[in-house]
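Summary of the model geometry
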Amino acid sequence: MLSKEAFADAETVARAIKALPVRLLRARPIEEAISTASGVPFETMNDRLMIERLPGVFCAGEMLDWEAPTGGYLLTGCFATARLPLRACTSAPS
Ligand SMILES: Cc1cc2nc3c(=O)[nH]c(=O)nc-3n(C[C@H](O)[C@H](O)[C@H](O)COP(=O)(O)OP(=O)(O)OC[C@H]3O[C@@H](n4cnc5c(N)ncnc54)[C@H](O)[C@@H]3O)c2cc1C
């Protein structure tokens, strides 16, 4: 526990955070382990993931409102969804 004065010193706070003991007891169920949720809804974008109301603004990866047990494959999903806007911007067929 840091004193109020110690909280004013960024280095002391950083050191305390790095030394914070985290005791893992067990894994939580997968439904609770999904780290983030929400994002830009699919129904507001076209099939190249461009926001209909903001022509030229595309979404991919964590910007999207997808919720799934991606367990270890989020990067794959991010790269895959980035392909659509990339193709649209380079005018290449998808
Ligand atoms: C600790 C940790 C471990 C993970 N391990 C795995 C794993 O093992 N396997 C896996 O598949 N996935 C893993 N993930 C998830 C994966 O890293 C993310 O899903 C993925 O990196 C998201 O990619 P993204 O391009 O959508 O977003 P990000 O990688 O977050 O990229 C967004 C970028 O936008 C920049 N940015 C933000 N705001 C602005 C702004 N206003 N202007 C300009 N730039 C801005 C940010 O700086 C950042 O560089 C992990 C995530 C974390 C946090």
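These remarks concern the structure in this document. Sequence order as written defines residue numbering, which begins from 1 separately in each chain. Note on the predicted model: pLDDT of at least 70 is required for a residue's local features to be given, and 80 or more for side-chain atom pairs to be given and counted; whole-chain, interface and lining totals, by contrast, use all residues.

All right, on to the overall build of the protein chain then. The secondary structure listing takes helices from DSSP runs of H or I that are at least 4 residues long and strands from runs of E that are at least 2 residues long, numbered from the N terminus. Across its full length, the protein chain carries three helices and zero strands. Written out in order from the N terminus, the α and β elements of the protein chain read α-α-α. Restricting the calculation to C-alpha atoms gives the radius of gyration, and the globule rule supplies 2.2 Å times the number of residues raised to the power 0.38. The C-alpha atoms of the protein chain give a radius of gyration of 20 Å, which is well past the 12 Å a tight globule of 94 residues would have. Taken along its principal axes, the extent of the C-alpha atoms in the protein chain is 60 × 35 × 20 Å.

So, on to the environment of leucine 20. Within the secondary structure, leucine 20 sits in the loop between helix H1 (10-18) and helix H2 (30-33). Classification of leucine 20 as exposed rests on a count of 7 C-beta atoms within 10 Å. Distance from leucine 20 to methionine 1, taken between C-alpha atoms, is 9.7 Å for residues 19 residues apart in sequence. Every C-beta atom is placed from the backbone, and the number of other C-beta atoms within 10 Å of a residue's own sets its class: buried at 20 or more, exposed at 12 or fewer, partly exposed in between.

To continue, consider helix H3 (residues 74-90). Within an α-helix, residues lying three or four positions from one another point in the same direction, as the helix has 3.6 residues per turn. Taking 1.5 Å of rise per residue, 17 residues should cover 24 Å, and H3 covers 24 Å from first to last C-alpha, within 8% of that figure. Remark: the principal bend of H3, roughly 25 degrees, maps to arginine 83, with a proline, proline 85, within the next four residues. In the stretch just after H3, serine 91 is the one whose phi turns positive, near 60 degrees. By this rule, a helix spans an expected 1.5 Å times one less than how many residues it contains. Each residue is assigned a bend, namely the angle between axes fitted to the seven residues that terminate at it and the seven residues that start at it.

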